[in-house]
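Fold and contact review
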Amino acid sequence: GFVNCGCTYTFEEGHADKVTCSNVFPVCPAIADVNQDFGNGFYNDHHFHYGYHIYAAAVVAKNRPEWGKRMYERVLMYVHDIANPSVDDKHFPVFRQKDWYLGNLWAAGLDSI
């Protein structure tokens, strides 16, 4: 799977236009703190958050097919993270959030926030 690192924003009072974000791997705040980035580093709510990204990418690709072709593999990573249909994929588990036995999705990831 993969996670977004999140951002620790720093800015000076009265200088909102000079905001910096330190999210360069291996400095990844979302992995160090379960509360950072809504728990993304601990797989919390990936199907919610990434679902928005996937939907937005689909809308853009519908209107700009050249962008869709160029970004296809990157968007597919989001799909595979939350709903990988392939048992042969060595990078993502099959249907990460889906519990077929209970018939629901698990939102809490690795840790309860």
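Up top is the structure these notes are about.
Residues numbered from 1 in each chain as written. Predicted model: local features only at pLDDT ≥ 70, side-chain atom pairs only at ≥ 80, totals over all residues. Heavy atoms only, no water.

1. Some remarks on the side chain of histidine 80
Examined against the element boundaries, histidine 80 turns out to sit in helix H3 (residues 65–83). When neighbours within four sequence positions are excluded, histidine 80 is seen to be in contact with Asp89, Phe92 and Pro93. (Helix = DSSP H or I, 4+ residues; strand = E, 2+ residues; numbered from the N terminus. Contact = heavy atoms within 4.5 Å.)

2. Looking at the packing of aromatic side chains
This structure, assessed with the given rule, holds one aromatic pair. Judged by centre distance (4.8 Å) and plane angle (85°), the ring pair of tyrosine 50 and tyrosine 78 falls under edge-to-face. Taken together, the positions of tyrosine 50 in helix H2 (residues 46–63) and tyrosine 78 in helix H3 put the pair 28 residues apart, joining distant regions of the chain. Since its relative accessible area comes to 0%, tyrosine 50 is described here as buried. (Phe/Tyr/Trp six-rings, centres within 6.5 Å; stacked < 30°, edge-to-face > 60°. Buried < 20%, exposed > 50% of the residue type's maximum accessible area, 1.4 Å probe, protein only.)

3. Topic: the packing of H2 against H3
Taken N-terminus to C-terminus, the directions of H2 and H3 make an angle of 165°; their axes are 9 Å apart at the nearest point. Taken together, H2 and H3 sit at an angle that is classed as roughly antiparallel. With respect to the hand of their crossing, H2 and H3 are arranged in left-handed fashion. Residues His46, His47, Tyr50, Gly51, His53, Ile54, Ala57, Val60, Ala61, Lys62 and Asn63 of H2 form the contact with H3, whose participating residues are Pro65, Trp67, Gly68, Val75, Tyr78, Val79, Asp81 and Ile82. By residue class, the composition of the contact of H2 with H3 is 11 nonpolar, six polar and two charged. (Axes fitted to C-alpha atoms, helices over the stretch in contact; angles between N-to-C directions. Parallel < 35°, antiparallel > 145°, perpendicular 65-115°, else oblique. Left-handed = near helix turned anticlockwise from the far one by under 90°. Nonpolar A, V, L, I, M, F, W, Y, C, P; charged D, E, K, R; others polar.)

4. Quick look at H3
In this model H3 runs just 23 Å from its N-terminal to its C-terminal C-alpha over 19 residues, more than 12% under the 27 Å that 1.5 Å per residue would give. Lining the buried residues of H3 we find H2. (Expected span 1.5 Å × (residues − 1).)

5. What to know about the environment of methionine 77
Take methionine 77: it is sitting in helix H3. Under the relative-accessibility criterion, methionine 77 is labelled partly exposed at 37%. Spatially, the C-alpha atom of methionine 77 lies 9.7 Å from that of histidine 91, the residues being 14 residues apart in sequence.

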